[in-house]
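Chains, contacts and geometry: an overview
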Amino acid sequence: MNIISKIKGCLALAVVAAGFAAWAATVPTDAQGFDYTTDGVTFLPGDYCVVDLTTGKVTEMKDVASAATFNTDDYKTTKMAFRYVPAGKFKANCAKTTSIKSLVSNDVALSAYWIAVFPVTEAQYNAVMGGATTSVKPKVSISWNDFRGGTWDSWDGTYANVPVPGAGTFVSNLNAKVAAAGCADMFDLCTSFQWERAARAGTRTDYFFSDKTAAEFGSDDDFPDLWNYAWFAKNFPSIGVQNVGGKLPNAWGLYDVYGNAYEQCLDWHEGNAGLVKDKFLEDYAGASSNAYSNRVLRGGHYTSDAGKCSSVFRTYQKTSIVMDAGGFRLIRKPATSSDPSVVPAISAKSEKFTVDLRGEIALAKGAVTVAGVNYSDTAWGAVDAEPVKLGCTNET
């Protein structure tokens, strides 16, 4: 190895090590949030906001001490409650289940958001769109296009520039209503990783209530804990989705996370390209396109087996398809956030040298100082400008 290669290697490792340490120290990791009791996981108090679907007014509630506060008809019909999720990072796609271990694991950092306590119910849908139904079952039998829609042909793939919802859809009309009441924030479908982070509520296991998998119990019938948290293939009382809030919530107070109705996410499915192993992702919003118009589905539904009703399993469906077990969970995106940026702008630049500490290093001829050492044009010599890939893994 010549001197130029050695210097390049040392520089890259030094910069990445320093930058990754700074990133890890700055971005909080979700606190672990479950223990084993017969009454369910231990609820972690948090902040909430409530949308009045009649007036569009948004109010906030601090330090709510019980998830049961919102498990009433008001919050399933004329109001919608959201749990605050601060900016932070988590390990996505962690799985013990053999059949899905092929999923790549990623460190994901997300900006702050609020996520709905329940999937959107029929009554909530009608409160915004008009209609007499007061059912508190998840709103299903409507396509992704008709519920959210939007023009995605020229989307650049970034979360910040997600296309606005289609005119006349539920999501569009809800945003218009809250805007008229003075709220500048945007309401939308959750992304797959926003869903997963909230579903896990700080855990790294397949299920937020256990460190075991369905297979380790032997069969779905021998997986009693899931019966307490989900309507699924072994316990649904009648054909069709069930009233929301009928099972126990997770540690962040979210109901119907598993089973009952699939939750159709904002993301295009990655398809055969998949996710890049161990790549750090910030506010990831899925693939930039999908040739088959498939969006990600999470959580399983009332006829799913136990393996599909987990924090890990993901599948997909076309945006034009109407599913009798395909529901939706919303998030509220702050227009401005009091939280610091999820990942600070940790980069070092000189006139001809750029380092991106989130896994990409581009080297070009130029001078840069790292840890007090100046690497000059002479030291670099002729250096190719082609990017060098480095994989970063955080196991905190």
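Everything quoted here is computed from the prediction, not taken from an experiment.

Calculation criteria
Residues numbered from 1 in each chain as written. Predicted model: local features only at pLDDT ≥ 70, side-chain atom pairs only at ≥ 80, totals over all residues. Heavy atoms only, no water. Buried < 20%, exposed > 50% of the residue type's maximum accessible area, 1.4 Å probe, protein only. Helix = DSSP H or I, 4+ residues; strand = E, 2+ residues; numbered from the N terminus. Pairing = 2+ DSSP bridges. pLDDT = per-residue confidence, 0-100. Contact = heavy atoms within 4.5 Å. Phe/Tyr/Trp six-rings, centres within 6.5 Å; stacked < 30°, edge-to-face > 60°. Lys, Arg positive; Asp, Glu negative; His and termini not counted. Salt bridge = Lys/Arg side-chain N within 4 Å of Asp/Glu carboxyl O. Polar contact = N/O pair within 3.5 Å; in protein donor to acceptor, adjacent residues only side chain to side chain.

With respect to the pairing of strand β1 (residues 46-52)
Burial within β1 is extensive, with six of its seven residues counted as buried. Alignment of β1 against strand β2 (residues 58-64), held across five bridges, turns out to be antiparallel. Across the sheet, G46 pairs through a bridge with V64, a residue of β2. Connecting β1 to the next strand, β2, in antiparallel fashion are five residues, including G56 with a positive phi near 85°. Two elements, β1 and strand β3 (residues 79-85), share five bridges in a ladder whose sense is antiparallel. The residue bridging D52 from the neighbouring strand is K79, located in β3.

Here we look at the confidence of the model for the chain
Residue-level pLDDT values for the chain average 78, and 70% of them are 70 or greater. Low confidence marks residues 337-396, where pLDDT is under 50. Its contacts with residues over four positions away, or in another chain, come to 118 contacts.

Notes on the packing of aromatic side chains
Considering all chains together, one arrives at 23 aromatic pairs under this definition. Geometrically, the ring pair formed by F82 and F187 is edge-to-face, given 5.4 Å between the ring centres and 65° between the ring planes. Separated by 105 residues along the polypeptide, F82 in strand β3 and F187 in strand β7 (residues 186-189) bring together distant segments of the chain. Geometrically, the ring pair formed by F147 and F328 is stacked, given 3.8 Å between the ring centres and 0° between the ring planes. Of this pair, F147 sits in helix α4 (residues 144-147) while F328 sits in the loop between β12 (326-327) and β13 (330-333); the two residues are 181 residues apart in sequence, bridging distant segments of the chain.

Describing the side chain of K247
Within the fold, K247 resides in the loop between α8 (224-229) and β8 (262-268). One buried charged side chain, K247, makes no salt bridge at all; its nearest oppositely charged neighbour is D256, positioned 9.2 Å away. Of note is the side chain of K247, whose polar atom sits 2.8 Å from the backbone oxygen of W227. Sequence-distant contacts of K247, that is, excluding residues within four places in its chain, are made with W227, N228, Y229, A230, W231, N235 and Y255.

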